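Overview (structure and organization)
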Amino acid sequence: MASSKVMASTASTNSDLPRQSSICSLTIAELQSDQTKNFGSMSMDDLLKNIYGDNLSPEGFSTPPGNSGDGGGGGGGGVGEGGSLSREGSFSLPKSMGNKTVDEVWKEIVAGSEQRAAGAGGALEEMTLEDFLTKAGAVREEDVRIQVMGGAGSYGVDAIMNGQFQAPQMQPQSVDGAMVVFGNGIDGRVPGTGRGKRRAVEEPVDKATQQKQRRMIKNRESAARSRERKQAYTVELESLVTQLEEEHDRLLREEVEQSKERYKQLMENLIPIVEKRRPPRVLRRVHSVQW
Amino acid sequence: MEPLVVGKVIGDVVNMFTPAADLTVHYGSRQVANGRMIPPSAAVHMPTVQIHGHRLSSDLYTLVMVDPDAPSPSEPTLREWLHWIVVDIPEGCDATQGREVVPYMGPQPPTGIHRYIFTLFKQKSKATSGASPPPEARSNFSTRQFAASNGLGPPVALVYFNSQKERTKKKR
């Protein structure tokens, strides 16, 4: 991580500040004069050893094989490689922070930029500014956070996690800002390592896998659309069902009301009409003879 | 409303709006319900579009039917494909009572499952053909832009269905 590298540098700075600053000034001069460095000829290992001192020797120079390859890669990559080393170093020296000044941060960046001297020249400026900001912003956060946590495994993620826990207790305002920046730094780091790994000439194998990946992505999108469709229809049906249920209940109630009403009306209308009693049948002689 | 959001109709074709009119669309006996699948063969002819309301009201409505997934939902380069525009539909009436500005074209999805969206707008006044000329082409239409350039305001009703190419039963 960028900041972890800063951390380690800070640690080493305390012990061998003069040497480091001399190296840094050297690197600055070198940078200003000539991009394609003699540092390029010096191996990455040597460079890092010089900068970080002997503190790291037992920790291992797990010299990442991609290190020299990093020279040409993006800034994030180069810094990342260096960071992986420094990460281990920082844990051996947790407390020796010291106050980082902007100058020292800049020196770190310059030293880091040496590792990618062979690479993007113009992009160097933009990268360093971005890195500078992340580092400068993250540094304070780093100091605070490191003091609290002992040592963590995966530095980056845990750092953020713990930072978020610690943040409310510490200076909330500045920490949040730094957190954001730091987060960006980390985000910048991960794709950076991808960029850092030098993409060599595209082999046919890559093209095939690329095609496969493209197909996979398209398939994934299609599946997502299909799920959306399904969900949309389901939601629609659900709303239709509730709508229809309500209407159904309403209509039923209405029907009951109506029939009651009709019955009442009928009864009311019946009252005034009284069926006339038919007169009782009386037998009358009409055409018959009376015996 | 929710199916419109989930189905991404709100977003791709229109912005969020408040339904203010009662619109029903039927292809024969099939009612268009959001997200329902209707085969193209059932939608060859224009549907019966009913705007429920008071016939006495003088409100006039405009109906626009588009397909935002043309030619295929994964690559909608021709979004939106215009299928139908009817203006001056009186409230409480069927779309046949209005004036067809763009003749009805049934769904003919070449690839994938397309959404076909009916958007209803309330007109402020009778649509004069001079106000804005009818679209020249069906491709790359924009419902939003059409509404804006004709002063229609936000939609008052919307309903959509899905359709895909039918499998032709090949007789061997």
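Criteria and thresholds
Residues numbered from 1 in each chain as written. Chains lettered and ligands numbered in written order. Predicted model: local features only at pLDDT ≥ 70, side-chain atom pairs only at ≥ 80, totals over all residues. Heavy atoms only, no water. Helix = DSSP H or I, 4+ residues; strand = E, 2+ residues; numbered from the N terminus. Buried < 20%, exposed > 50% of the residue type's maximum accessible area, 1.4 Å probe, protein only. Contact = heavy atoms within 4.5 Å. Areas by Shrake-Rupley, 256 points an atom, 1.4 Å probe, with all protein chains shown as cover. Salt bridge = Lys/Arg side-chain N within 4 Å of Asp/Glu carboxyl O. Pairing = 2+ DSSP bridges. Phe/Tyr/Trp six-rings, centres within 6.5 Å; stacked < 30°, edge-to-face > 60°. Core = buried A, V, L, I, M, F, W, Y, C linked by side-chain atoms within 4.5 Å. Buried area = accessible area lost by both parts, 1.4 Å probe. Nonpolar A, V, L, I, M, F, W, Y, C, P; charged D, E, K, R; others polar. pLDDT = per-residue confidence, 0-100. 1 Å grid on protein atoms, 1.4 Å probe; cavity = no way out; pocket = protein on both sides within 12 Å on 5 of 7 lines; lining within 4 Å. Points joined across faces, edges and corners; volume = space filled by probe spheres on them. Patch = residues over 30% accessible without salt bridge, like charges linked within 9 Å, V, L, I, M, F, W, Y side chains within 5 Å.

With that settled, the discussion passes to the overall build of chain B. Each helix and strand in chain B was counted, giving three helices and nine strands. Listed N to C, the secondary structure of chain B is α-α-β-β-β-β-β-β-β-β-α-β in terms of helices and strands. Relative to its full complement of 172 residues, chain B shows a buried share of 47%. Residue pairs in contact within chain B that sit at least 24 positions apart in sequence constitute 74% of those at least 6 positions apart. By element, 52% of the accessible surface of chain B is carried by carbon and sulfur atoms, the whole surface being about 8,800 Å².

Residue and element names in this part refer to chain B. Per the stated rule, a full pass over the model turns up eight salt bridges over all chains. For Asp69, the salt bridge goes to Arg79, with nearest N and O atoms at 3.9 Å. Note that Asp69 is positioned in the loop between β5 (60–67) and β6 (81–90) and Arg79 in the loop between β5 and β6, a separation of ten residues in sequence. Judged by relative accessible area, Asp69 falls into the buried class, the value being 3%. Overall, the relative accessible area of 28% leaves Arg79 in the partly exposed class.

Quick look at the sheet that holds strand β4 (residues 48–52) of chain B now. Residues and elements named next belong to chain B. Spatially, the three strands line up as an open sheet ordered β2-β1-β4, and their pairing is antiparallel. Strand pairing shows two members of the sheet lacking a second neighbour, β2 (30–31) and β4, which therefore form its edges. Looking at chain direction, strand β1 (residues 22–27) and β4 are connected through five bridges and run antiparallel. Paired with His26 across the two strands is Thr48, which belongs to β4.

Okay, the packing of aromatic side chains next. The description of an aromatic ring pair uses the distance of the two centres, along with the angle that the planes make with each other. Residue and element names in this part refer to chain B. All chains considered together, the criterion is met by five aromatic pairs over all chains. Ring plane angle 75 degrees and centroid distance 5.5 Å describe the contact between Tyr27 and Phe161, whose orientation is recorded as edge-to-face. With Tyr27 in strand β1 and Phe161 in strand β9 (residues 157–164), this pair connects stretches of sequence that are 134 residues apart. Owing to a relative accessible area of 5%, Tyr27 belongs among the buried residues under this scheme. Ring geometry for Tyr116 versus Phe161: centroids 5.4 Å apart, planes at 25 degrees, classification stacked. One end of the pair, Tyr116, is in strand β8 (residues 113–123); the other, Phe161, is in strand β9, with 45 residues separating them in the sequence. Since its relative accessible area comes to 0%, Phe161 is described here as buried.

In this section: the nonpolar core. Membership of the largest hydrophobic core comes to 23 residues, with the highest contact counts inside it found for Leu23, Tyr27, Met65, Trp84, Phe118, Leu120 and Phe161 of chain B. When residues of this core are traced back to their parent elements, those giving at least two are β1, β4, β5, β6, β8 and β9 of chain B.

Contacts between the two partners involve 15 residues from chain B, matched on the other side by ten residues from chain A. Together, Pro3, Val6 and Ser74 of chain B form the three largest contributors to the area buried by chain B at its contact with chain A, with a combined 36%. Run the count over chain B and chain A and you get one salt bridge. For Glu228 of chain A, the salt bridge goes to Lys8 of chain B, with nearest N and O atoms at 2.9 Å. Secondary structure elements with two or more residues in the side of chain B that touches chain A: α1 (2–6) and β9 of chain B. The leading source of residues in the side of chain B that touches chain A is α1 of chain B, at three residues. Of the residues belonging to the side of chain B that touches chain A, the class tally is six nonpolar, five polar and four charged.

All names here are of chain B. Here we have six strands laid out as an open sheet, ordered β3-β9-β8-β5-β6-β7, and mixed in their pairing. One side of each edge strand has no neighbouring strand; the edge strands of this open sheet are β3 (36–37) and β7 (99–102). Across three bridges, β6 lies against β7 in antiparallel orientation. Residue pairing in the sheet places Val86 in a bridge with Glu100 of β7.

All names here are of chain B. Residues Ala70 and Pro71 are joined by a peptide bond in cis, for which omega reads -10 degrees. Even without a glycine there, the phi angle at Asp88 is positive, about 60 degrees. You can call Asp88 buried: its relative accessible area is 7%.

As a further point, take the confidence of the model for chain A. The predicted coordinates ought not to be read in detail in places where the model reports low pLDDT. Residues and elements named next belong to chain A. Averaged over every residue, the pLDDT of chain A is 61; residues scoring 70 or more account for 29%. Mean pLDDT across the elements of chain A ranges from a minimum in helix α5 (residues 67–70), with 41, to a maximum in helix α11 (residues 204–270), with 92. Note on residues 34–40: pLDDT is under 50 here. Beyond four places in sequence and across chains, it has eleven contacts. Taken as a whole, residues 117–125 scores under 50 in pLDDT and shows twelve contacts with residues more than four places along the chain or in a different chain.

By the secondary structure assignment, Asn162 of chain B is in strand β9. The contact partners of Asn162 of chain B, leaving out residues within four places of it in the chain, are Arg229 of chain A together with Gly35, Arg36, Met37, Ile38, Ile113, His114 and Arg115 of chain B.

Quick look at the layout of surface pockets now. In this structure, the largest pocket spans a volume of roughly 720 Å³. Among the secondary structure elements, those contributing two or more residues to the lining of the largest pocket are α11 of chain A together with α1, β1 and β9 of chain B. Of the residues forming the lining of the largest pocket, the biggest block, six residues, is contributed by α11 of chain A. Across the lining of the largest pocket, the residue classes tally to 15 nonpolar, five polar and four charged.

Residue and element names in this part refer to chain B. Structurally, Thr119 can be placed in strand β8. For Thr119, a relative accessible area of 0% corresponds to the buried category. Here Thr119 is in contact with Val14, Thr62, Leu63, Val64, Thr143, Pro155, Ala157 and Leu158, once residues within four sequence places are set aside.

All names here are of chain A. Judged by side-chain polarity, Tyr263, Leu266, Met267 and Leu270 come together as a nonpolar surface patch covering roughly 410 Å² of accessible area. Within the fold, Met267 resides in helix α11. Residue classification places Met267 among the partly exposed positions, given a relative accessible area of 37%.

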